[in-house]
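Working through the structure, step by step
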Amino acid sequence: MSRLNRLYEYVERKIGSVFARYGRFVARYPWQVIIVTLLVNGGLGIGMLKLQSDINAQNVYLPQGTRSREDQAVMEDTFPDLGGRNYHSLQDFFPLLDQYWARVIVRGTTGNLLSRTSLEEVSGLNTLVQAVSVTDGDGNIFTFSDLCARAYGACAVDGSIFWDAEFLSAVDAGTVSYPAFTSATVGSINYASQIGGATSFDSSGHLTKMEYIRLNYAFRTDTGQKEIVKKWMDAFARKLSSFSNDKLEIAYGHFLSLDEELDKAVNGDIALFSLTITFMITYACIATFSFRDSVSQRSMLGFAGILAAGLAIIASFGLCSAIGVDFVSIVGVVPFLVIGIGIDDMFILLSGLSGAQGENTVENKIAETLRSSGVGITITSITDLLAFMAGAGSNFIAVRNFCIYTGVAVVFCYINNITLFAACLTINEHRVEQNRHFITCRRVKPKEVLKIEGKSKFFAFCCGGTPPKNRKDAESILDKFPRWLFPKIVLKLPFKIIIIVLFLGYLAAGIYGCVYLKQGLDLSQLVQDDSYFYKYSIWFETHFSRQSPVAFATTNDYTYSDQKTKNQIDDVIKTAQDNEYFDDTFEHNWLNTYMASTYYDGSSESNFIVGFKSFISNSSYARFENDVVIDSSETKITASKFYVLSSDLSDSQEEGKMMLKAREIADNAQFQCIASSPGFVAFEQYVRILGQTLQSVGIALAAVFVVTCIFMPHPVLIVFVTLAVTMIMVGVFGYMLYIDVALSAITMIHLIMSIGFSIDFTAHICHGYMISTGASRDERVKLAFDHTGAPIFHGAMSSLIGVVVLFGAKSYIFKTFAAVMSFVLLFGIAHALLLLPVILSWLGPGRLTEANASKASLSNGHTNKAMEDTELSTKGNKNGSFQTDPMTGSPKRSSVSPMQDDLLDFNKHSSPYHLEHQKGGDWDWKKEKDS
């Protein structure tokens, strides 16, 4: 055996011996272990009384601690909120997280709203909206006029120009100017951003068609009336839900719509998750069901495994709630993940127990079970934990909180499996040893005795049995399926070549998808397709320009009466307008407008300010009051801002690039300024999500590498596991392109999660290979399937069955979870049960000689019980007594018939009957006194 193999065997033996000693402890005190585990989990679960949820989608799914949020804070602290008397549309969504708004998008049923008849109907719709009223707790009645932001002495409604008398006259005359229209009431209004869909113009450039218009109702944010505004929004939504008009079709939404609809969508899919978990539990019980007899039956252990995972979820949620980690919508998938991980660990432990059936006492069986399986579930639990902890440092609250909840649940799931579930294994083995029924726990007779007594085969199966003697007896039919099927595929040369070719194709498609993967999340995707806000969002995103106002703001003292300052400001605006990401015609510049007016006085800075105050007192220029901050002595301007408008950008990636370009222009300006926009908080995800994801995934992969080095210290295995996990990640990343799922905070969670599942599959098969002792690589691969094929197969299948149900979900969160999780499971099981066995059969760690195989088997405590029992049953003396095998020192079976062999084995396990050899060579059962 090579030096590396000896190192592996040494580590395996040392760690295994620790688990074996622990297993003996659990076997001695199973009930005490169960009681302590239940008390700890239940006690922590009480923390759920402090559970707090955060349903603010913009807060949860957009990054925190970003430059855009810092710049936004500067803007909020510097410029006063004048929405109560001097609101301007450039303030729309500003500040993003606090602005109150309601919107209606209107479409003409004829396809053209540019007619007096249609616009008068729109005016009537506006009257309906403004008439919506609510009552507070004191009986006070509030309408829109009591809550609205105000401008020009009236409520601020972007789109009011469409029913302005002068605008309607221009419609009649066919002389509607575009993109701005001048009204005697409010001056020149640029309304281009308020119309959408198809437009057309005559030869003179007059507007002749507009398909959609958008009405924005702005509310004051400086009065502390958020609760009454919320009530108004509810009444607004109820009123418009019943709106019907032959000439108009509408879509509507408000600032709370996204949060409310997201919460509604997630809660609506909770029932699906309940069904999903039910299916997973059902599969676990079916997979552990044995058709051998009622004694060796292990289906009850399926419930115990689910209980261990369920308690881990309770403990995790309780602990996280107690320490103040908010529950966010995506945390709703944690139970699914934890139960999947728990089922995987459960089947690993059951496989270890099946292999320990040759041990002579229950204590030895549990010790051997944890010796052989403890390392496997430890590797996967630690890597799962580290993967989720890598995401816990994310500045996306959704990612951070999800990873904290899941990471803590993984810890408790592991603890519960090696305590509660191991104790349940002990109790079950005591039942088996005493030949008790798996449901009633009453002692039963062997099936053969019942048949002798004339009972039917069905009765004998349901009410009789004997303890299993080896792995074959202990396993269910589904346990035997993977080791029957997959070696027939992966160990034949033609299939090996086909597998390698298919995986090369898979990898190429995955790499292509990674290169062209989309990034970013439209928050409208978070709501259900049948939601009123979904309709509004689709109309808004599809039919209106993708333009954002960008403010270049300075908080430094400058002499604005100095021509040098003006030139520096003009240079910034011109640089922006010359760039492809910005509109080359739009400019909102208080300084140029003031200097072009009759109020301008540049003789001194103080006269400049006096003239400016007179300038903004004119209602036509009042909007510029929002853009300038004058100190209390009114001798200098301490801050100001200037606006440009982005060009009509094609997608989220372009918006992210526009934001970076605006910052570059600000950073390179000759005067100190920042570039800020209402949309930048959302655009941050487009430039940060890839880096954040790669960082988290990279840390997780590094953790996989380190943990593999510690627990499986063989360079070949380290390379195989790391490459396999990387290939699975490439597939999951890349194949999102083909189902039109972009990289976002939500899919970032899925990718972090996929690392844990990937290592579960790949580490198990490699560990199974290394603990197998065979004379060739092919033989060790076969034995690896014996050890870990069933757990890998069951873990993937139980989760896949659950995932299928989630394809019926309505919410984007759960639909994308189902899609990505399907990729993770399918790619994971394919790598573990097809690709890695092929590679191990060619390049696995060195061939073991028979002598070394025997030595390794003894040193690790792993023996092929099925082979040993077969050997023992075929050797015996002529008179049917037991002999000692000279090679192993173990007793050999006598050459009795198969039925007698079963009865002898039964006699060894504390049966109420014992077998006596009578004169003449006949066998007879004698009943013991009841114990």
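Residues numbered from 1 in each chain as written. Predicted model: local features only at pLDDT ≥ 70, side-chain atom pairs only at ≥ 80, totals over all residues. Heavy atoms only, no water.

1. Topic: the overall build of the chain
When its secondary structure is counted, the chain shows 31 helices and 19 strands. Look at the contacts in the chain between residues 6 or more apart in sequence, and 75% of them connect residues 24 or more apart. Here the chain displays about 37,000 Å² of accessible surface, and carbon together with sulfur accounts for 57% of that area. (Helix = DSSP H or I, 4+ residues; strand = E, 2+ residues; numbered from the N terminus. Contact = heavy atoms within 4.5 Å. Areas by Shrake-Rupley, 256 points an atom, 1.4 Å probe, with all protein chains shown as cover.)

2. What about empty space enclosed by the protein?
Considering all chains together, one arrives at six cavities of 30 Å³ or more under this definition. Here the largest cavity defines a volume of roughly 70 Å³. When contributions to the lining of the largest cavity are tallied by element, the ones reaching two or more residues are helix H11 (334-355) and helix H27 (777-806). Here the lining of the largest cavity takes four residues from H11, the largest share from any one element. Looking at the lining of the largest cavity residue by residue, the classes come out as four nonpolar, four polar and three charged. (1 Å grid on protein atoms, 1.4 Å probe; cavity = no way out; pocket = protein on both sides within 12 Å on 5 of 7 lines; lining within 4 Å. Points joined across faces, edges and corners; volume = space filled by probe spheres on them. Nonpolar A, V, L, I, M, F, W, Y, C, P; charged D, E, K, R; others polar.)

3. Notes on the nonpolar core
Grouped together as the largest cluster of nonpolar side chains are 215 residues, with contacts concentrated most on Tyr61, Phe162 and Trp232. With 20 residues, the top contributor of residues to this core is helix H13 (residues 397-433). Apart from residues lying up to four places away in sequence, Trp232 is in contact with Ala102, Val129, Val132, Ser133, Val134, Phe142, Thr143, Phe144, Leu147 and Phe219. Counting 38 residues, the second largest nonpolar core, distinct from the first, contains Phe582, Leu591, Val628 and Cys673. (Core = buried A, V, L, I, M, F, W, Y, C linked by side-chain atoms within 4.5 Å. Buried < 20%, exposed > 50% of the residue type's maximum accessible area, 1.4 Å probe, protein only.)

4. Observations concerning the sheet that holds strand E15 (residues 674-676)
With respect to topology, four strands assemble into an open sheet ordered E13-E14-E12-E15, the strand pairing being antiparallel. The open sheet terminates on both sides in strands that have one partner only, identified here as strand E13 (628-630) and E15. Averaged over all pairs of adjacent strands, the angle between their axes in this sheet comes to 20°, without regard to strand direction. The pairing of strand E12 (residues 549-554) with E15 spans three bridges and is antiparallel. Across the sheet, Phe552 pairs through a bridge with Ala675, a residue of E15. Seen against the sheet, helix H4 (residues 67-78) touches E12, E13, strand E14 (637-645) and E15 and runs at an angle of roughly 95° to E15. (Pairing = 2+ DSSP bridges. Axes fitted to C-alpha atoms, helices over the stretch in contact; angles between N-to-C directions.)

5. Comments concerning the packing of aromatic side chains
Across all of its chains, the model carries 54 aromatic pairs by this definition. Note on Tyr735 and Tyr738: the rings are 5.4 Å apart at their centroids and 75° apart in plane angle, and the pair reads as edge-to-face. Taken together, the ring pairs connect Tyr560, Trp590, Tyr594, Tyr599, Tyr600, Phe608, Phe612, Phe615, Tyr621, Phe624 and Phe642 into an aromatic cluster. The ring of Phe544 has Arg214 sitting right over it, with the charged end atom 5.4 Å from the ring centre. (Phe/Tyr/Trp six-rings, centres within 6.5 Å; stacked < 30°, edge-to-face > 60°. Lys NZ or Arg CZ within 6 Å of the ring centre and 35° of its normal.)

6. Structural notes on helix H18 (residues 493-515)
In this model H18 runs 33 Å from its N-terminal to its C-terminal C-alpha over 23 residues, within 8% of the 33 Å that 1.5 Å per residue would give. Lys496, Ile499, Phe503, Tyr506, Gly510 and Gly513 are the residues of H18 that are buried. Those residues of H18 that are buried are in contact with helix H17 (477-490), helix H25 (715-735), H27 and helix H28 (812-843). (Expected span 1.5 Å × (residues − 1).)

7. Considering the pairing of strand E10 (residues 207-218)
Within a regular strand, side chains alternate between the sheet's two faces. Counting buried residues along E10, 10 of its 12 residues qualify, which places the element largely inside the surrounding structure. Of the pairings in the sheet, the one linking strand E1 (residues 101-108) to E10 comprises seven bridges and is antiparallel in character. Paired with Ala102 across the strands is Tyr217, a residue of E10. Both strand E6 (residues 157-158) and E10 contribute to a ladder of two bridges, which runs antiparallel. The residue of E10 that forms the bridge with Val157 is Tyr217. The sheet contact formed by strand E9 (residues 195-201) and E10 spans five bridges and is antiparallel. Bridge pairing in E10 links Ser200 to Lys209. Between E9 and the antiparallel strand that follows it, E10, lie five residues; Gly205 among them carries a positive phi value of about 85°.

8. A look at the packing of helix H2 (residues 30-45) against helix H10 (residues 299-322)
Contact geometry of H2 with H10 gives a least axis separation of 7 Å together with a crossing angle of 40°. On the basis of the axis angle, H2 is oblique to H10. For H2 against H10, the interelement crossing comes out left-handed. Contacts between H2 and H10 involve Leu38, Asn41, Leu44 and Gly45 from the first element and Leu311, Ala312, Ile314, Ala315, Gly318 and Leu319 from the second. Residues of the contact of H2 with H10, tallied by class, amount to seven nonpolar, three polar and no charged. (Parallel < 35°, antiparallel > 145°, perpendicular 65-115°, else oblique. Left-handed = near helix turned anticlockwise from the far one by under 90°.)

9. Remarks on H2
Look at H2: 22 Å from first C-alpha to last across 16 residues, which is about the 22 Å you get at 1.5 Å a residue. Residues Pro30, Val33, Ile34, Thr37, Asn41 and Gly45 constitute the buried set of H2. For H2, the angular spread of the buried residues around the axis is 100°, confining them to a single face. Residues of H2 that are exposed and point more than 90 degrees away from the buried face comprise Trp31, Val36 and Leu39. (Arc of directions from axis to C-beta.)

10. A few points about unusual backbone geometry
Look at the link from Tyr178 to Pro179: it is a cis peptide, with omega at 10°. Inspection of the secondary structure assignment puts Pro179 in the loop between helix H7 (165-173) and strand E7 (180-183). The backbone of Cys441 shows a phi angle near 65°, a positive value even though the residue is not glycine. Structurally, Cys441 is set in the loop between H13 and helix H14 (447-452). Residue classification places Cys441 among the partly exposed positions, given a relative accessible area of 39%. Unlike most non-glycine residues, Glu634 shows phi in positive territory, near 55°.

11. Section: the pattern of salt bridges
Tallied over the entire structure, the rule returns 31 salt bridges. Here Lys613 and Glu634 are joined by a salt bridge, their closest N and O atoms 3.5 Å apart. Taken together, the residues span a long stretch of sequence, with Lys613 in helix H22 (residues 605-617) and Glu634 in the loop between E13 and E14 at a distance of 21 residues. As a salt-bridge pair, Glu664 and Lys661 come within 3.3 Å of each other at their nearest N and O atoms. (Salt bridge = Lys/Arg side-chain N within 4 Å of Asp/Glu carboxyl O.)

12. Description of the side chain of Ser548
In this structure, Ser548 sits in the loop between helix H19 (532-543) and E12. Judged by relative accessible area, which is 10%, Ser548 ranks as buried. Here Ser548 is in contact with Val644, Leu645, Ser646, Met658, Ser677 and Phe683, once residues within four sequence places are set aside.

13. Here we look at a nonpolar patch on the surface
A cluster of nonpolar side chains, Ile511, Tyr512, Val515, Tyr516, Tyr738 and Ile739, forms an exposed patch at the surface whose accessible area comes to about 620 Å². Along the chain, Tyr516 turns up in the loop between H18 and H19. Accessibility expressed as a relative area gives 51% for Tyr516, which makes it exposed. (Patch = residues over 30% accessible without salt bridge, like charges linked within 9 Å, V, L, I, M, F, W, Y side chains within 5 Å.)

14. Observations concerning the packing of H11 against helix H26 (residues 745-770)
H26 packs onto H11 with a crossing angle of 10° between their chain directions and a minimal axis gap of 12 Å. The orientation of H11 relative to H26 falls into the category roughly parallel. For the pair formed by H11 and H26, the contact residues are Leu337, Ile341, Asp344 and Ile348 on the first element and Met753, Phe757, Asp760 and His764 on the second. In the contact of H11 with H26, the residues fall into five nonpolar, one polar and two charged.

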